[in-house]
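Okay, here's what each chain looks like letter by letter:
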Amino acid sequence: MESTVKLEESWKAALASEFSSPYMAALKQFLVDEKHNGKQIFPKGTEYFRALDLTPLDKVRVVILGQDPYHGDGQAHGLSFSVKPGVRSPPSLVNIYKELQSDLSIPPARHGFLESWAKQGILLLNSVLTVERSMAASHQGKGWEKFTDAIIRAINEQEHPVVFILWGSYAQKKAAFVDQSRHLVIRSPHPSPLSAHNGFFGSKPFSKANDFLTSKGRKPIDWTLPANPAA
């Protein structure tokens, strides 16, 4: 999207036709125009594709699908549900940590920085990769959804089995085409405080993901986050 954007080579190859498509050209122009009009866009341009950069296509073991980046100052950095070091963990992430403790007895991290998960092969993907400051869902319908559909298709076509963790109806609809004969799809309500008590708590997605990966001869995830978020 911008000359400063870094994109890992396996994704660059898999998504080449998307980057050369008219809808991506229109999306790029939309973002340029918004910035020219003084709009503040989150995350910063070098982090639009951070999830892809940290988790190469052939290394993906788990996909956790979010909807939009956080729209508050200093929160979004390109990974779904994650916030930068020093930023208070949002309510949904607090509930994710509660379920992680219930499921695997892992105490909640004292930060919300999930990069160590991404580096293990967890693709922390939002459906829409940018947002205007303080304007939730402001970049929906601009083209990102088509691009992230292509990402999910590329993962679905991989020979190795992958776990798709789909929290809430939005994520479940977006990944409805995933081949469940090869991949594991874990569905539950969203971890938001509005819905977490309707079936998210007690759903045990972390142990289910690891049991599946192990059963397929793949390395399980170490869900424990480092005490130091910069580690």
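Residues numbered from 1 in each chain as written. Predicted model: local features only at pLDDT ≥ 70, side-chain atom pairs only at ≥ 80, totals over all residues. Heavy atoms only, no water.

Participant: In this structure, what is going on with the nonpolar core? I would like to understand it.
Facilitator: A general trend in soluble globular proteins is that nonpolar side chains are found buried together. Membership of the largest hydrophobic core comes to 68 residues, with the highest contact counts inside it found for W11, L123, W144, F147, I155 and W223. Per-element tally for this core: the top contributor is helix α7 (residues 144–156), with seven residues. Discounting chain neighbours no more than four positions away, the residues touching F147 are L15, E18, F19, Y23, M24, F49, L52 and L129. (Core = buried A, V, L, I, M, F, W, Y, C linked by side-chain atoms within 4.5 Å. Buried < 20%, exposed > 50% of the residue type's maximum accessible area, 1.4 Å probe, protein only. Helix = DSSP H or I, 4+ residues; strand = E, 2+ residues; numbered from the N terminus. Contact = heavy atoms within 4.5 Å.)

Participant: Looking at this structure, I do not really get the pairing of strand β3 (residues 122–126). What am I missing?
Facilitator: The side chains of a regular strand alternate between both faces of the sheet. By the criterion of burial, β3 is predominantly enclosed, with five of the five residues buried. Because side chains alternate across β3, one face comprises the buried residues I122, L124 and N126, and the other comprises L123 and L125, equally buried. Strand direction decides the pairing type here: strand β2 (residues 62–66) and β3, joined by five bridges, are parallel. Note on β3: the bridge partner recorded for L65 is L125. (Pairing = 2+ DSSP bridges.)

Participant: Would you mind going over the packing of aromatic side chains with me for this structure?
Facilitator: Each aromatic ring pair is described using two quantities: the centre-to-centre distance and the angle formed by the ring planes. On inspection of all chains with the given rule, the structure shows 13 aromatic pairs. Ring geometry for F19 and F147: centres 5.3 Å apart, planes at 65°, overall edge-to-face. Of the two residues, F19 sits in helix α2 (residues 16–19) while F147 sits in helix α7, which places them 128 residues apart along the sequence. The class for F147 is buried, based on a relative accessible area of 0%. (Phe/Tyr/Trp six-rings, centres within 6.5 Å; stacked < 30°, edge-to-face > 60°.)

Participant: What am I meant to see in unusual backbone geometry here?
Facilitator: Note: most residues except glycine have negative phi, and most peptide bonds are trans. Residue P43 follows F42 across a cis peptide bond; omega there is -10°. Tracing the backbone through its elements, the reader meets P43 in the loop between β1 (41–42) and α4 (50–54). You will see that A137, though not glycine, has its phi angle at about 65°, which is positive. Turning to its location among the elements, A137 is positioned in the loop between β4 (131–132) and α7. Here K204, not a glycine, exhibits a phi torsion of approximately 55°, which is positive. Along the chain, the position of K204 falls in the loop between β6 (184–188) and α9 (205–215). Judged by relative accessible area, which is 36%, K204 ranks as partly exposed.

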